[in-house]
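What the coordinates show
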Amino acid sequence: MAGTLYIVSTPIGNLADITLRAIETLKAVDLIAAEDTRHTKILLARYDIHTPTTSYFEYNKVQKTDYLLEVLQGGQSVALVSDAGTPGISDPGYRIIRMCLDNAIPVVPIPGPSGLVTALTLSGKPTDRFSFEGFLSNKSARRRNQLTALKGEGRTVVLYESPHRIVKLLEDILEIYGDVDIVLARELTKVFEEVRREKVSASIAHFASTRPRGEFIVIL
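A few points on the structure. (Residues numbered from 1 in each chain as written. Predicted model: local features only at pLDDT ≥ 70, side-chain atom pairs only at ≥ 80, totals over all residues. Heavy atoms only, no water.)

**Describing the side chain of Glu-161**
Tracing the sequence through the fold places Glu-161 in strand S7 (residues 156-161). A polar contact is formed between the side chain of Glu-161 and the side chain of Arg-165, at a distance of 3.2 Å. The contact partners of Glu-161, leaving out residues within four places of it in the chain, are Phe-135, Ile-166, Leu-169, Glu-215 and Phe-216. (Helix = DSSP H or I, 4+ residues; strand = E, 2+ residues; numbered from the N terminus. Polar contact = N/O pair within 3.5 Å; in protein donor to acceptor, adjacent residues only side chain to side chain. Contact = heavy atoms within 4.5 Å.)

**Focus on the environment of Pro-52**
Structurally, the position occupied by Pro-52 is in the loop between helix H2 (37-46) and strand S3 (53-55). Looking at Pro-52, the relative accessible area reads 49%, which means it is partly exposed. Sequence spacing of Pro-52 and Thr-37 is 15 residues, and the spatial spacing of their C-alpha atoms is 9.8 Å. (Buried < 20%, exposed > 50% of the residue type's maximum accessible area, 1.4 Å probe, protein only.)

**With respect to the layout of surface pockets**
Empty pockets left among the atoms are what a rolling probe the size of a water molecule brings to light. Estimates place the volume of the largest pocket at around 800 Å³. Along the wall of the largest pocket there are 33 residues; nearest its centre are Ile-12, Asp-83, Ala-84, Gly-85 and Glu-215. Put simply, the parts of the chain that give the lining of the largest pocket at least two residues each are H2, S7, strand S8 (181-186) and strand S10 (216-219). With 4 residues, the single largest contributor to the lining of the largest pocket is H2. Taken together, Glu-35, Phe-57, Glu-58, Tyr-59, Ser-90, Asp-91, Pro-92, Glu-133, Gly-134 and Phe-135 make up the lining of the second largest pocket. Considered class by class, the residues forming the lining of the second largest pocket number 4 nonpolar, 2 polar and 4 charged. (1 Å grid on protein atoms, 1.4 Å probe; cavity = no way out; pocket = protein on both sides within 12 Å on 5 of 7 lines; lining within 4 Å. Points joined across faces, edges and corners; volume = space filled by probe spheres on them. Nonpolar A, V, L, I, M, F, W, Y, C, P; charged D, E, K, R; others polar.)

**Structural notes on the pattern of salt bridges**
According to the stated counting rule, one finds 11 salt bridges in the structure shown. Two residues, Arg-196 and Glu-198, come together in a salt bridge whose shortest N-O distance is 2.8 Å. Comparing Arg-196 with Glu-198, the two get one shared label, buried. A cluster of three or more residues bridged by salt bridges with shared partners is formed by Arg-186, Glu-194, Arg-196 and Glu-198. (Salt bridge = Lys/Arg side-chain N within 4 Å of Asp/Glu carboxyl O.)

**Here's the deal with helix H7 (residues 166-177)**
Along an α-helix, residues three or four positions apart point the same way, because every turn accommodates 3.6 residues. Relative to the 16 Å expected for 12 residues at 1.5 Å per residue, H7 spans 16 Å between its end C-alpha atoms, a close match to the ideal helical length. On its buried face, H7 sits against helix H6 (140-151), S7, S8, helix H8 (200-209) and S10. Two residues or fewer past H7, Gly-178 is found with a positive phi of approximately 90 degrees. (Expected span 1.5 Å × (residues − 1).)

**With respect to the side chain of Arg-143**
Relative to the elements of secondary structure, Arg-143 occurs in helix H6. One polar contact links the side chain of Arg-143 to the main-chain carbonyl oxygen of Ser-137, over a distance of 3.1 Å.

**Observations regarding the sheet that holds S10**
The 5 strands lie next to each other as S6-S7-S10-S8-S9, forming an open sheet whose pairing is mixed. With one partner strand each, in any of the chains shown, strand S6 (130-135) and strand S9 (194-199) form the two edges of the open sheet. Each adjacent strand pair in this sheet contributes to an overall mean axis angle of 15 degrees, direction not counted. By the bridge criterion, 5 bridges tie S6 to S7 in an arrangement that is parallel. Within the sheet, the bridge partner assigned to Phe-132 lies in S7 and is Val-158. Seen against the sheet, helix H5 (residues 115-123) touches S6, S7, S8, S9 and S10 and runs at an angle of roughly 45 degrees to S10. (Pairing = 2+ DSSP bridges. Axes fitted to C-alpha atoms, helices over the stretch in contact; angles between N-to-C directions.)

**Quick look at unusual backbone geometry**
If you check the backbone angles, Asp-48 has positive phi at about 55 degrees while not being a glycine. Of note, Asp-48 is situated in the loop between H2 and S3. Positive phi is not limited to glycine here, since Ala-104 has a value of about 60 degrees. Taking the relative accessible area as the measure of exposure, Ala-104 reaches 66% and is therefore exposed.

In structure tokens form, the structure reads like this:
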């Protein structure tokens, strides 16, 4: 019999934000496939989990998907985790999940934290209809085209952005959407959690004197 792939959600910051079921699963499986094993081992040490780990990230996903598939077909169980939150969202987790489903290997979700949902619920923006776009293109022309297409949808838009590109994204939003109210969230559940609710122009002015740090969730 084939093993089972468990999609295990892990904390987005505060290590106490993990479910009992997630801890039990990480202890019980034969192998943990982690986006960054160094990062994951901090969580495992906190909860005295000694399960072997292997890396599974964007640049080794092709060969590691084949390896994990062999492990699962051999009857062993694997837990898929990302650096933070729920695997499969803006990470390569989709590939192994799809391969398991195509090969009749059981896939079981272990729900828990998600940066997307956490930021959306605290934003104060409408949550009944929203569009999650993850990271937009790093090419300015394509990014502006993506924002233009999103403007006409009439839904709350949730984006991810790196500290290196956040100002460029904000400038594009100002150009296409105008000086609208946005929400910027970073370091959620961590010691230096910050949520800014302001006009786009105010965010741009803020970063003119303050260096952006951490990954951002942008809601408009």
